[in-house]
Amino acid sequence: MHPDHLTGRVGQVTNQDTDGHRPEPLHTDSKLGRVVVSEEALVTRVEELGRQITADYLDRPPLLVGVLKGAFVFMSDLARAIRLPVEFDFMAVASYGSATKTSGVVRIVKDLDLDLSDRHVLVVEDIVDSGLTLSYLRRNLLARGPASLEVCALLVKEGLQRTKLDLRYVGFNIPPDFVVGYGLDIGERYRNLRRVCVYVGEDQPRPAS
Ligand code: IMP
């Protein structure tokens with residue numbers, strides 16, 4: 001008889017249901033509305049983006065800059081879909097403005113650890129709404145002298161951008177509803193949902209106008 005560590009049984013993933021599928025984390029409240037992007041669509045699109053980025057950056061592996069907190073799930077999957085020796089850094093920003101509208105004035109809560117000079121920077125964003133946060137970030141990062149700067153946004157809300165955006169990679173264009181899941185939250189909840197859903201709770205923020 002073989003010991004478990006030789007048969008591969010040790011450390012096997014066990015959080016699977018009897019059909020072999022991983023169960024969705026339990027978010028059984030009635031505040032979740034229709035599915036905007038399914039788990040299957042996310043997996044497929046993130047793989048496609050990873051292939052495209054791999055091809056585009058073959059001779060100049062990028063430095064991925066994740067915008068916390070929302071981008072952490074997307075960035076984790078995207079990075080593993082990129083077949084290049086990427087490097088990572090993160091920044092966290094907070095917008096001045098009301099709870100529901102970005103003012104475009106952004107405060108850096110956590111800055112990058114790495115120097116961007118001469119680096120090929122790829123900013124990874126969860127969602128672009130008015131686009132004001134991203135346009136501030138782009139200006140701020142460009143001032144640090146990168147060799148190149150591109151943006152990969154998982155979700156872009158249709159028709160809401162108040163500023164011209166230059167997005168090299170986009171996962172999905174979605175309607176202008178408030179959404180949660182796959183990193184996106186309301187009050188820190190739902191980030192571990194495996195799909196993106198409309199949030200229909202009464203406390204949902206109104207779309208930016
Ligand atoms: P923007 O500056 O208006 O483009 O806002 C972008 C930021 O607002 C994102 O990085 C998110 O943190 C947040 N945000 C915008 N729309 C949503 C949403 O539907 N769900 C969760 N967060 C959102």
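Just above sits the structure.
One structure accompanies this document, and this report is about it. Computed from a prediction, not measured in an experiment: that's the story for all the values here.

1. Some thoughts on the overall build of the chain
Scanning the chain from terminus to terminus reveals four helices and nine strands. Each helix and strand of the chain, placed in order from N terminus to C terminus, yields the pattern α-β-α-β-α-β-β-β-α-β-β-β-β. Expressed as a percentage of its 209 residues, the buried residues of the chain come to 44%. If you sum the accessible surface of the chain, you get close to 11,400 Å²; carbon and sulfur atoms cover 51% of it.

2. A closer look at the packing of aromatic side chains
The final tally for this structure, using the stated rule, is one aromatic pair. A cation over an aromatic ring shows up here: Arg189 above the ring of Tyr190, its NZ or CZ 4.7 Å from the ring centre.

3. Topic: the nonpolar core
Counting 30 residues, the largest nonpolar core has Phe74, Leu78 and Leu155 as the members making the most contacts within it. Of all elements in the fold, only helix H2 (39–56), helix H3 (72–81), strand S5 (120–128), strand S6 (148–157), strand S7 (169–174) and strand S9 (196–199) reach the threshold of two or more residues within this core. Here this core takes six residues from H3, the largest share from any one element. Ignoring anything within four residues of it in the chain, the contact list for Leu78 reads Val46, Leu49, Gly50, Ile53, Val124 and Cys152. Among the nonpolar cores identified, the runner-up in size contains 21 residues, and Val67, Val93, Val123 and Leu137 belong to it.

4. Looking at unusual backbone geometry
Note that the residue after Leu68, namely Lys69, is joined by a cis bond; omega there is -5°. With respect to the helices and strands, Lys69 occurs in the loop between strand S2 (63–68) and H3. Not every positive phi belongs to a glycine, and Glu188 is a case in point at roughly 75°. Relative to the helices and strands, Glu188 resides in the loop between strand S8 (179–180) and S9. Using a relative accessible area of 45% as the deciding quantity, one classes Glu188 as partly exposed. Positive phi values are uncommon outside glycine, yet Tyr190 reaches one of about 75°. For Tyr190, the position within the fold is in the loop between S8 and S9. Tyr190 gets classed as buried once you look at its relative accessible area, which sits at 2%.

5. A look at the pairing of S5
The side chains of a regular strand alternate, residue by residue, between the two faces of the sheet. Of all nine residues in S5, nine are buried, a share of seventy percent or more. As paired elements, S2 and S5 share four bridges and run parallel to each other. Its bridge partner lying in S5, Leu64 is registered against Leu122. Judged from the eight bridges that link them, S5 and S6 form a sheet pairing that is parallel. Considered in S6, the bridge of Val128 is made with Val156. Read as a crossover between parallel neighbours, the route from S5 over helix H4 (residues 132–142) to S6 is right-handed.

6. Points about the site of the ligand
Every one of the 16 residues lining the ligand counts as a neighbour, but Asp129, Ser130, Gly131, Thr133 and Val179 are closest to it. Here an oxygen atom of the ligand sits 2.5 Å away from a polar atom, N or O, in the side chain of Thr133. A distance of 2.8 Å is found between an oxygen atom of the ligand and a side-chain nitrogen or oxygen belonging to Lys157. Taking 500 Å² as the accessible area of the ligand by itself, protein coverage stands at 83%. Contributions of two or more residues to the shell around the ligand are made by S5 and H4.

About the criteria used
Residues numbered from 1 in each chain as written. Predicted model: local features only at pLDDT ≥ 70, side-chain atom pairs only at ≥ 80, totals over all residues. Heavy atoms only, no water. Helix = DSSP H or I, 4+ residues; strand = E, 2+ residues; numbered from the N terminus. Buried < 20%, exposed > 50% of the residue type's maximum accessible area, 1.4 Å probe, protein only. Areas by Shrake-Rupley, 256 points an atom, 1.4 Å probe, with all protein chains shown as cover. Phe/Tyr/Trp six-rings, centres within 6.5 Å; stacked < 30°, edge-to-face > 60°. Lys NZ or Arg CZ within 6 Å of the ring centre and 35° of its normal. Core = buried A, V, L, I, M, F, W, Y, C linked by side-chain atoms within 4.5 Å. Contact = heavy atoms within 4.5 Å. Pairing = 2+ DSSP bridges. Right-handed = clockwise from strand over helix to strand, strands pointing away. Near = heavy atom within 4 Å. Polar contact = N/O pair within 3.5 Å; in protein donor to acceptor, adjacent residues only side chain to side chain.

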